[in-house]
Amino acid sequence: MHFYRIWQSLRDGDKIPYRHQLSLRHIKSLASWLVILEVPEPGKLRVKVSGSSVDAVFGRSLSKVNLKEVTAPEASKAIVAFHEALMTHPCGGYAHDVMTMDNGKRLDARYLMLPLRNRDGDHTMCASLWDAVAEGFTAPPVDHRTRMTHSELQYACHLDVGFGLPPFPAFESYLKSKKFPDDY
């Protein structure tokens with residue numbers, strides 16, 4: 001909740017904060033698990049900045065990486081669709097999943113994602129704070145493209161931060177393909 005309170009304090013009235021407002025001064029204790037994502041063009045999700053704890057899990061810096069490069073192909077489309085909806089319609093997001101990595105680590109992660117505006121004022125970015133536990137050995141990545149494979153998606157939803165909720169059919173389609181119980 002600390003992250004959400006910081007984000008709310010940076011809002012100017014009902015506007016989403018700018019990325020540059022989320023400075024180290026505000027998030028110093030959270031920075032190692034923070035990831036800033038952006039959608040530079042439809043269908044592409046890029047890591048703008050990644051914290052040191054997140055990078056350690058992947059065994060490399062994720063900054064400037066297209067998320068598709070480190071995501072299993074079957075989950076990639078859904079992840080991009082979820083974040084695109086979050087950024088084009090200003091809302092928050094929450095997800096909890098367990099991933100198995102090519103480098104041998106297992107990551108149990110929960111994410112709170114909040115929208116940000118870029119310097120032009122467009123809603124094309126979000127800040128994602130991870131609460132994660134990584135287990136297992138680390139083998140050096142063969143191709144320096146350590147990938148994550150979603151083995152268990154526990155929960156995902158968009159959160160209304162004052163602007164309503166977006167439709168996200170590509171993500172709903174992905175969830176249905178995973179055959180979750182009807183009450184999910």
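This text goes with the structure placed above it.
We now turn to the structure provided with this report. Since this is a predicted model, take the numbers as computed values, not measurements.

With that settled, consider the pattern of salt bridges. As a working rule, side chains carrying opposite charge can pair if their charged atoms are close by. According to the stated counting rule, one finds one salt bridge in the structure shown. Where Glu38 meets Arg46, a salt bridge forms, and the shortest distance between an N and an O atom there is 2.2 Å. A relative accessible area of 9% means that Glu38 is categorised as buried.

Taking 1.5 Å of rise per residue, 16 residues should cover 22 Å, and helix H4 (residues 73–88) covers 23 Å from first to last C-alpha, within 8% of that figure. Among the 16 residues of H4, twelve are classified as buried, and the element is accordingly described as predominantly covered. Inspection of H4 places Ala75, Ser76, Ala78, Ile79, Val80, Ala81, Phe82, His83, Glu84, Ala85, Leu86 and Met87 among the buried residues, and these make up the whole buried set.

This part is about the nonpolar core. Counting residues in hydrophobic clusters, the biggest one holds 31 residues, and the most contacted among them are Leu45, Phe58 and Trp130. Examining the composition of this core, we find that six residues originate from one element, H4, more than from any other. Residues within four places of Trp130 in sequence aside, it is in contact with Trp33, Val35, Val54, Phe58, Leu107, Ala109, Arg110 and Tyr111.

Taken as a whole and assessed by the stated rule, the structure comprises three aromatic pairs. With 6.1 Å between their ring centres and 50° between their planes, Tyr94 and Tyr155 make a pair best called tilted. With Tyr94 in strand S3 (residues 92–101) and Tyr155 in strand S6 (residues 148–159), this pair connects stretches of sequence that are 61 residues apart. Judged by its relative accessible area of 38%, Tyr155 falls in the partly exposed class. Between Tyr111 and Trp130, the ring centres sit 5.0 Å apart and the planes meet at 85°, which makes this aromatic pair edge-to-face.

About the criteria used
- Residues numbered from 1 in each chain as written.
- Predicted model: local features only at pLDDT ≥ 70, side-chain atom pairs only at ≥ 80, totals over all residues.
- Heavy atoms only, no water.
- Salt bridge = Lys/Arg side-chain N within 4 Å of Asp/Glu carboxyl O.
- Buried < 20%, exposed > 50% of the residue type's maximum accessible area, 1.4 Å probe, protein only.
- Helix = DSSP H or I, 4+ residues; strand = E, 2+ residues; numbered from the N terminus.
- Expected span 1.5 Å × (residues − 1).
- Core = buried A, V, L, I, M, F, W, Y, C linked by side-chain atoms within 4.5 Å.
- Contact = heavy atoms within 4.5 Å.
- Phe/Tyr/Trp six-rings, centres within 6.5 Å; stacked < 30°, edge-to-face > 60°.

No statement about biological role is implied by the geometric values presented.
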